Amino acid sequence: MVTRFTRIGFILAAAGSAVGLGNIWKFPYVTGEYGGGAFVIVYLLAILFIGLTVFIAETVIGQNGQADVSTSFVNLSKSKNKNWKFAGFMVFTGLIILSFYSVVLGWILNYVFTSFVSLPTEAKVAGANFEKLISNDIGSLILYHTLIAGSVIYIVLKGIKEGIEKINLILMPLLGLILFGLLLYALTLDSFSQAISFMFSPDWSKINGDALLAALGQAFFTLSLGVGTILTYSASLSKKTNFIKTSISVAVVDTSIAIIAGLIIFSFLFEAGAPSAAGPGLVFISLPVIFSGWGLLGQVIAVSFFVALIFAGITSAVSMIEPSLRFFIERFNITRSKATLISGSTFYLLGIVALLSMSKSYGAELTFFGKNAFDLMDFMTSSIMMPLAAILTCIFLGYFVEKQKLQDAFTQHVPLAVFNFWYFLIKFIVPIAIIILLLNKLGVIQ
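Keep in mind that what you see is a predicted model, and the values were worked out from it rather than measured.

Peer 1: Help me out: how do you make sense of the overall build of the chain in this one?
Peer 2: Secondary structure assignment for the chain yields 18 helices and two strands. The C-alpha atoms of the chain give 21 Å as radius of gyration, which agrees with the globular expectation for 446 residues (22 Å, within 12%). Across its three principal axes, the chain shows a C-alpha extent of roughly 65 × 45 × 45 Å. The buried share of the chain, taken over its 446 residues, is 58%. Carbon and sulfur atoms provide 66% of the accessible area of the chain, an area that totals close to 17,500 Å². Averaging the locations of the 26 positively and 20 negatively charged side chains of the chain gives two centres separated by 13 Å.

Okay, structure coming up:
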């Protein structure tokens, strides 16, 4: 008997997958780099027309395929073409991402603990502390990576209902509660109105080709597209469930949390007189220094903030391993425990390689094609594997699945005009947009 998500369980699990470090860490600093309001508008349009379109596409394949990624593609294709099984490569994309994602969560776990003790008072000190952590403190990094990996493995061993659904039913509301508390505090700051103005008053002079591609990339990657997660989760969704409504719900939750995180972080930055374009060092360098200036309250806020990041990260991490588990279970007829052992040990060991590659002791030996293993894994997945998987998904539904079958699935829940608009996007507009993103990532076009 196949274990299925409840509708709310699916929404929270899919939202948990989508809501991760990209929302709370990356979205604010990318928004800051591209001037705020105008970037937010472009990002929202990209979510609406690109991200949501592909999200619905993956949901359609999973809900109608009712199997692992490879088998779902075959089941839905015209004449059940077995060559589409190779689209299943995307399940390994999530596994590779999880390997270095677990390492980053380990960094954050370190900041949860250190925030209890002391926070750096100067950016120079904060930067030196972070550099020391990732380049010299190998023992601590392995410990934190092990704790994160162990937690992820324990959760997925419990299965769909008792593991993934239950942890999202717990962590997603807790994440919302922490962010709501931080937002309430941000509302008390004089800088909150400045944050509102920065995020919602567009300055179109800041928008150029790079900003458009950054918005497209952020919209695409924040919804966990191209890694098989949404497709795999949807395979555990009843065929009676309104997949359009649930997809929109996930996109709304994901986008709302990104906007709220931006308001919170920019309120904190502007209150301290810090620059909005703090870059990737925002979470590990700029914010700890700001929190230190607020005394005991700052420590409480710091701990809350980093715990929120851990919660968001764990729900995403769990989602990244599930596609490979279902693939191994169904393609090789093995138990969930054995599949978890294979996938878990793979991402754990790759994570060790990733963290060692950033160290001074082993960095040179673990550098390939001019990139250390950590950066190479990031580049391979975000710049090649994820966009390629999304392009294949669009081509598959646009040209290799019977249009009537898709139309019947859609018109159970929405008018025919909605389906026709989505079908036009998935067949023509979205694949072109993602191809442009892919070529830009590879440096073919600038």
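Next comes the rest of the write-up.
Peer 1: It is not clear to me how helix H15 (residues 336-357) should be interpreted in this structure. Could you clarify?
Peer 2: Spacing of three or four residues puts side chains on the same side of an α-helix, whose turn is 3.6 residues. Between its terminal C-alpha atoms H15 stretches 31 Å, which fits the 32 Å expected from 22 residues at 1.5 Å a residue. Buried residues of H15: Arg336, Ala339, Thr340, Ser343, Gly344, Phe347, Gly351, Ile352, Ala354, Leu355, Leu356 and Ser357, and no others.

Peer 1: Please explain the confidence of the model for the chain as it appears in this structure.
Peer 2: Caution applies to low-pLDDT regions: their predicted coordinates should not be interpreted in detail. Scored by pLDDT, the chain comes out at a mean of 92, with 98% of its residues at no less than 70. No element of the chain has a lower mean pLDDT than helix H1 (residues 7-18), which averages 82, and none a higher one than H15, which averages 97.

Peer 1: Looking at this model, I keep getting lost on the nonpolar core. Mind explaining?
Peer 2: Nonpolar side chains tend to gather and get buried jointly when the protein is soluble and globular. Ranked by internal contacts, the top residues of the largest apolar core, which has 166 residues, are Trp107, Leu175, Phe305 and Trp422. When residues in this core are grouped by element, the largest group, 17 residues, is from helix H14 (residues 295-332). Leaving out residues up to four positions away in the same chain, tryptophan 107 has contacts with Phe130, Leu133, Ile134, Leu141, Phe284, Met358 and Phe374.

Cut-offs and rules
- Residues numbered from 1 in each chain as written.
- Predicted model: local features only at pLDDT ≥ 70, side-chain atom pairs only at ≥ 80, totals over all residues.
- Heavy atoms only, no water.
- Helix = DSSP H or I, 4+ residues; strand = E, 2+ residues; numbered from the N terminus.
- Rg over C-alpha atoms; globule rule 2.2 N^0.38 Å.
- Buried < 20%, exposed > 50% of the residue type's maximum accessible area, 1.4 Å probe, protein only.
- Areas by Shrake-Rupley, 256 points an atom, 1.4 Å probe, with all protein chains shown as cover.
- Lys, Arg positive; Asp, Glu negative; His and termini not counted.
- Charge placed at Lys NZ, Arg CZ, Asp CG, Glu CD.
- Expected span 1.5 Å × (residues − 1).
- pLDDT = per-residue confidence, 0-100.
- Core = buried A, V, L, I, M, F, W, Y, C linked by side-chain atoms within 4.5 Å.
- Contact = heavy atoms within 4.5 Å.

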